[in-house]
Amino acid sequence: MTGNQGGMRCLTGGIVLSMLPALACAEQGASGHLNILYWQAPTILNPYLSSGPKDIEPASLVLEPLARYDETGTLTPWLAADIPTLENGGISEGLTSITWTLRPGLTWSDGTNVTAQDVVFTAKYCMTPDGGCQQATKFSDVTSVEALDDLTVRLTFAAPKPFPYGPLVGVETPILQKAQFEGCIGANAQSCTAQNTAPIGTGPFRVTEFRAGDVVTFEANPQYRDPDKPGFATVTIKGGGDAIGAARTVLETGEMDYAWNLQVDPAILDKMAAGGTGQIIRSFGTPVERLMINRTDPSPSLGDLRSTRDGGAHPFLTDPAVLGALSIAIDRSVVAELGYGAAGKPTCDILPAPAIYASSANDACLTQDLDRARQMLEDAGWVDSDGDGVREKDGGRLSVLFQTSTNPVRQDTQALLKSWWAEIGIETELRQIDPSVFFGGDPGSPDTFQKFYADIQMFTNFFPGTDPEAYLNNWTCKSIPTPANNWLGFNIPRYCDPEYDALAAQLAQTADLKDRAALARRMNDMLMQAGALIPLVHRGDVSAISNTLQGVKMNSWDSELWNIADWTRADEPR
Amino acid sequence: MFTYTLRRLAFSVPLLIAISLVIFLLIDLAPNDPTANLPLSIPPETREELRKGLGLDAPSHVRYLLWCKQFFVNEPLNLLDWVTGGESDRLRVQSWSAHAPVVDLIAERLPQTLWVVGLSLVIGAVIALPLAILSARHQYGRIDQIGTFITMVGFSVPSFFLGVLMIIVFSVKLGWFPSIYDTTHRVTDWHSLTIQLRQMVMPVTVLSVFNAAQFSRYMRASMLETLHKDFVRTARAKGMTERRVLFGHVLRHAMIPVVTVVSLAIPQVFAGAIVTEQVFRVNGLGTLLIAGIQSGDVPLVQTLAFLFAVLIVLFNLLADIAYGLLDPRIRYD
Amino acid sequence: MTERTLHPPVPRRTAFWHRFGTHRGAVAGMVIFALIILAVLVGPWVWPLDPAQIDIAAKTQGPSSAHPLGTDQLGRDLLAGLLAGGRVSLLVGLVAMGLAVGLGTLVGVTAGLLRRWDAPLMRLTDLFLSLPLLPLLMVAIMLWRDSLRAQFGPETGIFILIVGAIGLTSWMQTARIVRGEVLSLREREFVIAATALGTRPFAMIRRHILPNVLGPILVSATLGVGHAILTESALSFLGLGFPSDVPSWGRMLFDGTHYMTLTPARVVWPGLAISLTVLSVNYIGDGLRDALDPRWTRPVRR
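Just so it is clear, the model here is predicted, and its values are computed rather than measured.

A. Summary view of the pairing of strand β11 (residues 278-293) of chain A. All names here are of chain A. Of all the 16 residues making up β11, 13 are buried; the element is thus mostly covered by neighbouring parts of the structure. For β11 and strand β18 (residues 533-546), the ladder comprises 12 bridges, and the chain directions are antiparallel. Opposite L291, over in β18, you have I534 as the bridge partner. As paired elements, β11 and strand β17 (residues 456-461) share 6 bridges and run antiparallel to each other. Residue pairing across strands places L291 opposite M458, the latter belonging to β17.

Dropping the structure here:
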């Protein structure tokens, strides 16, 4: 049954993709060897203990979830037979439970059967305390996971869950084999090196060798559910170097077939791609490069009250005129063009995708207008009285400290913003911080993005999957980082509005997708109009593929390697 | 000299323990964090749980003593068990980012670092020795002038630039050498050896240029000093041939700074070459260390830094012994 | 080689300049170095373009009359950057080198000459050699950046931090080399004789020890300038360096490396500037050593 489906898919795929349909419909392993470069090398292949996409995506060759997002962001059944919904009875009336049914006949790569017990075990693995499970929040409201029979699993939630597709869906939470991981529960999880580096999975490949931080080799899984797939017999995922070097190996030397995450000046990429051995592929998910505005006073003289709401409001960054001027002085299309090229779209929203959530209420800021910015400041009483090029008012001077992590594209953006702000009479001091410190959250360091001992900072945030609820909760009052909560919390601008909190509470109760989207748009607009965040660029993912590789469907909602089973090599370059 | 060596060796133990404590305090104080690389979609509460899971909530001295126990007691005992074929389940020093024993990670990385960095040291010395002798012998002669020019330019061209330049010329334009170092490659026959040599050419060249420049400058300077010393004049006056003067007297005394530089360079083999390893994706110990620092992996960085410290202390001792052999008048007692 | 010309005795200072002047390499090095210094000091007046001036329309251009060396990816003028970057690089290079070599020589001479200090100082050197550099720098930023910024302002504060960081982490090699040489000198006849004659320690160091270890020290100094100039650029990627809008040669070379195939000028000029500086310092060092060596006489070509 599944084999037939695969055959059909591969036939139509062949006709669409190439003039040689036979190529796309070869038997398992016919395409030989595939070389992939993840310049940040994988150090572990267990997504529950990973440190981000560099580990999770290579693991997706082996481990698979119940359902995942395809390249359009649509939820697609993967190990499950179908997607549970209210209509098909998979989700209970009160929205408090979801029942998944596995595809029949699934086997692990060691030949044993996949059962509901494996699914139950996986949930238990992540929910056991002291296990260091990074995906624990996906399971935070789950009260019980039970196997109804060999193929059916029911998850029950503590409260109604309008969007119940968090746990065991998507690249972050795939199904582990109970037999393999049984001894790795709780505190033992950390020391199960053999299991964590060579998990047994259901995916198209299995691990043959793993060298942490260097290279992983895979071979086709002989037990894979579609006997004609995967197209490649073996895969190497090599790590190391930087993004530019990675692009060069695909586009110029042709040593690699696929290179991931190429955040590089587009001028360099285009030059490499011109007449090279490969091409650049892009797709858009939810990441937005944005400025965070410190609404509280970061002045060092405040001591412990620095950058907290108790320390008082920022002397000028709560003034709507200043915030508005800062925003419209920016030519977002230039920032996007120079830093991201075709992988960047200017945006005025922090919630730019999926399309249903995208608001159009703030698009006025897309056009740079330096004169209006000057006028806004002028009208609000900010004038350059001493002729030094910087505006003042009541003894306050429009001088900002603007920090971000070290990264060539971000430093270019910093330079651009500084020059535009200088034109409207705002002085900028730039600062760069090593990413391992900036994003590190060490309470002892003054340079973390959460402490925010600066006026403005810039980085990218996003939400995985397609549901923005958790993401929007980042800006509720209780998420403000303070010394009391050890600077935990992602409400970096220290934005606090009871009305926003009320909307967030309402979102948690709303099931209908249209209503949820309307609420999310309203919350986005509130944040934008308050000027707590200044979005710059909706960032896409950029990778490079060899001209001889076909079947790749770049995906920003799941693993980029999500459909690697369908990848094949063309005999001649496209 | 023998008692001096013994005394120094005995003193090395408390010294190394003190160094390990200072290293630990330094790494512990450094503001990089193991959760820094996680995607921002992972909420702060989970991050805090993860830190606790790694034992970061324990006080510093407890964590230091834990490392000491794991490294000084458990690792050797496990090694002993492994040699004798027994099973062992003592907790080893675990890397936080790879969730694997640090010592295994180091063992995995050692071959490529020894090949590339070690060979570049040897080649650097092989180039530097004759160059320095010829340069000093004919000071301001043609060889000296050209040698000085090339070594100084070689030293002032940083490896991040030279490496990329070589990749563009030899990998992209000419296609002679691979730009990616394959660490899984096994040398089994003549053909596989040539593949191994081809992938080593570029990284070894980049590092050798630097080493040769540094060694030859110190060696030349020191030979020039020695050439003008009284005992050399005496030797010449006694009618000794120039060759015997050069190799018998001058070289021997000129070796002292070279021994120092080499004794400082050999531990660097173990530290790896961070930039060159990254440019050519050699993924040796240098990249392991930098990745460990960037991911706030305290056990990994601590262990690597400590092993490096052991080599520093050991080779400085060897250098002191070598001084005594080169110049018997040097005594420490 | 054995033929020598003997100079009649002349006053020491005159002899020094006379010797230095006959060293062709040293004179050429001196001239080039002076020209570089002059260029970075006077250049910004002759070529008054602001190195931070962004001009998107002129990005990534080759040489033209408006931009004699071309522009970078944001359209900033390379010549202006090179002139402004030279101030930063030379200042950091020379001061950090001075600090490292001075400290290294002090420790090396003390340890080599005074037996009592040998062990503690050399173990301290071992410790400094063993400390992992990156965490050390991160701690330095965390502890001192803000207070130095408050005390000396953003630019001077960071300059002090950078020079301190480079100097305090690169003195160890010099120290060990100098000590090794001094250990050997200590047992030579003229030093023993001087000790027997009751020469004071400082006079001894100045008259007998330093001139004889000058060669390796000057090599250290030469290599140290290049090292410091390049290390400065590495530091800026840790957030310890100058802010990204302050150009320096090392930083320009690093950024330019990525654009090598688009605009080769971006690596050629900063690379040339660094190499010329290191080469000229090297030849000056050679000349100094030859001129200061009391027994040295210039070999006459046969």
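B. Examining the pattern of salt bridges more closely. Applying the stated rule across the entire model yields 44 salt bridges over all chains. For A:E182, the salt bridge goes to A:K178, with nearest N and O atoms at 3.9 Å. With its nearest N and O atoms 2.7 Å apart, the salt bridge here joins A:K229 to A:D566. In this pair, A:K229 is assigned in the loop between β8 (215-220) and β9 (234-239) and A:D566 in the loop between β19 (549-550) and β20 (568-569), connecting sequence segments 337 residues apart. Owing to a relative accessible area of 30%, A:D566 belongs among the partly exposed residues under this scheme. Several salt bridges share partner residues, and in doing so they unite B:R8, B:D320, C:D118, C:R176 and C:R179 into one network.

C. Quick peek at the interface of chain A and chain B. Listed by partner, the interface residues are 53 residues for chain A and 47 residues for chain B. Applying the counting criterion to the chain A and chain B interface returns 0 salt bridges. Taken together, the connections running from chain A to chain B amount to 16 residue pairs in polar contact (both at pLDDT 80 or more). Those elements that place two or more of their residues in the side of chain A that touches chain B are α6 (193-197), β7 (205-211), β9, α7 (243-251), α13 (435-438) and β17 of chain A. With 4 residues, α7(A) is the largest single contributor of residues to the side of chain A that touches chain B. Residues belonging to the side of chain A that touches chain B are distributed by class as follows: 19 nonpolar, 26 polar and 8 charged.

D. Structural context of a nonpolar patch on the surface. Residue and element names in this part refer to chain C. Together, V27, V31, L35, L38, L41, V42, W45 and V46 line one region of the surface with nonpolar side chains, adding up to about 800 Å² of accessible area. Inspection of the secondary structure assignment puts V46 in helix α2 (residues 24-46). You can call V46 exposed: its relative accessible area is 64%.

E. A look at the packing of helix α4 (residues 102-137) of chain B against helix α9 (residues 242-271) of chain B. All names here are of chain B. At a minimum axis distance of 11 Å, the contact between α4 and α9 shows a crossing angle of 155°. Taken as axis vectors, α4 and α9 run roughly antiparallel relative to one another. Viewed along their axes, α4 and α9 form a crossing whose handedness is right-handed. Contacts between α4 and α9 involve I106, L110, T113, L114, V117, G118, L121, I133 and R137 on the former and, on the latter, E242, L246, F247, L251, A265, I266, Q268, V269 and F270. By residue class, the composition of the contact of α4 with α9 is 13 nonpolar, 3 polar and 2 charged.

F. Highlighting the interface of chain C and chain B. At the interface, 65 residues of chain C touch 66 residues of chain B. Residues B:D320 and C:R176 are paired through a salt bridge, measuring 3.5 Å at the closest nitrogen-oxygen approach. If you look at where chain C meets chain B, you find 8 residue pairs in polar contact (both at pLDDT 80 or more). Of all elements in the fold, only α4 (115-130), α5 (133-168), α6 (172-186), α8 (201-236), α9 (249-258) and α10 (265-292) of chain C reach the threshold of two or more residues within the side of chain C that touches chain B. If you tally residues by element for the side of chain C that touches chain B, the top one is α8(C), at 12 residues. Split into classes, the residues belonging to the side of chain C that touches chain B amount to 29 nonpolar, 17 polar and 19 charged.

G. Representation of the state of the cysteines. All names here are of chain A. Using the criterion set out here, one finds 4 disulfides over all chains in the structure. Across the disulfide, C348 is cross-linked to C365 (sulfur-sulfur distance 1.9 Å). Taking the sign of the torsion about the S-S bond as the criterion, the disulfide between C348 and C365, at about -120°, is left-handed. Here the residue C348 occupies a position in the loop between β12 (344-346) and α11 (370-379), and C365 occupies one in the loop between β12 and α11, the gap between them amounting to 17 residues. Each sulfur of the disulfide joining C477 and C496 lies 2.0 Å from the other. As the torsion about the S-S bond is roughly 100°, the C477-C496 disulfide counts as right-handed. A residue pair is termed long-range when its members are at least 10 positions apart, and C477 in the loop between α14 (469-472) and α15 (498-509) and C496 in the loop between α14 and α15 qualify at 19 residues. For C477, a relative accessible area of 21% puts it in the partly exposed group. Residue C496 is classed as partly exposed on the basis of its relative accessible area of 31%.

H. Highlighting the sheet that holds strand β5 (residues 142-147) of chain A. All names here are of chain A. The sheet built from 3 strands is open, its strands ordered β4-β6-β5 with antiparallel pairing. One side of each edge strand has no neighbouring strand; the edge strands of this open sheet are β4 (97-101) and β5. On average, each strand axis in the sheet is inclined to that of its neighbour by 15°, with strand direction left out of account. Together, β5 and β6 (152-157) form the strand contacts of helix α4 (residues 116-127), whose direction differs from that of β5 by roughly 155°.

I. Examining the packing of aromatic side chains more closely. All names here are of chain A. The tally for this structure, following the rule as stated, stands at 35 aromatic pairs over all chains. With a centroid separation of 5.8 Å and an interplanar angle of 75°, the aromatic rings of Y48 and Y125 are classed as edge-to-face. Remark: Y125 occurs in helix α4 and Y48 occurs in the loop between β1 (33-38) and α3 (53-59); sequence separation between them is 77 residues. Residues Y48 and Y125 agree in their burial class; the two are buried. With centroids separated by 5.7 Å and ring planes inclined at 75°, the aromatic side chains of Y125 and F181 adopt a geometry described as edge-to-face. Here F181 lies in helix α5 (residues 178-181) and Y125 lies in helix α4, a separation of 56 residues in the sequence.

J. Geometry of the nonpolar core. Membership of the largest hydrophobic core comes to 145 residues, with the highest contact counts inside it found for A:I36, A:W100, A:F218, A:Y258 and A:W567. Of the residues that make up this core, three or more belong to each of domain 1 (71-197) and domain 2 (285-540) of chain A.

K. A look at the environment of A:Q117. Residues and elements named next belong to chain A. Mapped onto the elements of the fold, Q117 is located in helix α4. Through-space distance from the C-alpha of Q117 to that of L151 is 8.5 Å; in sequence the pair is 34 residues apart. Non-local contacts of Q117, meaning those with residues more than four positions away in its chain, are made with A147 and K178.

L. Quick look at the packing of helix α5 (residues 142-156) of chain B against α10(C). Between α5(B) and α10(C), whose axes approach to 9 Å, the crossing angle comes to 135°. The angle between α5(B) and α10(C) falls in the class oblique. Regarding α5(B) and α10(C), the two cross each other, and that crossing is right-handed. Packed against α5(B), whose contacting residues are B:Q145, B:T148, B:F149, B:M152, B:V153 and B:S156, the element α10(C) presents C:I274, C:S275, C:V278, C:L279, C:N282 and C:Y283 at the interface. Considering only residue class, the contact of α5(B) with α10(C) consists of 7 nonpolar, 5 polar and no charged.

M. Broad picture of helix α3 (residues 60-83) of chain B. All names here are of chain B. Between its terminal C-alpha atoms α3 stretches 33 Å, which fits the 34 Å expected from 24 residues at 1.5 Å a residue. A bend of about 35° at N74 is the largest found in α3, and the proline P76 appears one to four places after it. Within α3, the full set of buried residues consists of R63, Y64, W67, C68, Q70, F71, N74, E75, N78 and D81. Residues of α3 that are buried make contact with α1 (2-29), α4 and α12 (298-326). Note on α3: the residue one or two positions beyond its end, G85, has a positive phi of about 85°.

Conventions used here
Residues numbered from 1 in each chain as written. Chains lettered and ligands numbered in written order. Predicted model: local features only at pLDDT ≥ 70, side-chain atom pairs only at ≥ 80, totals over all residues. Heavy atoms only, no water. Buried < 20%, exposed > 50% of the residue type's maximum accessible area, 1.4 Å probe, protein only. Helix = DSSP H or I, 4+ residues; strand = E, 2+ residues; numbered from the N terminus. Pairing = 2+ DSSP bridges. Salt bridge = Lys/Arg side-chain N within 4 Å of Asp/Glu carboxyl O. Contact = heavy atoms within 4.5 Å. Polar contact = N/O pair within 3.5 Å; in protein donor to acceptor, adjacent residues only side chain to side chain. Nonpolar A, V, L, I, M, F, W, Y, C, P; charged D, E, K, R; others polar. Patch = residues over 30% accessible without salt bridge, like charges linked within 9 Å, V, L, I, M, F, W, Y side chains within 5 Å. Areas by Shrake-Rupley, 256 points an atom, 1.4 Å probe, with all protein chains shown as cover. Axes fitted to C-alpha atoms, helices over the stretch in contact; angles between N-to-C directions. Parallel < 35°, antiparallel > 145°, perpendicular 65-115°, else oblique. Left-handed = near helix turned anticlockwise from the far one by under 90°. Disulfide = S-S within 2.5 Å. Phe/Tyr/Trp six-rings, centres within 6.5 Å; stacked < 30°, edge-to-face > 60°. Core = buried A, V, L, I, M, F, W, Y, C linked by side-chain atoms within 4.5 Å. Domains from an automatic or database assignment. Expected span 1.5 Å × (residues − 1). Bend = angle between axes of the 7 residues up to and from the residue.

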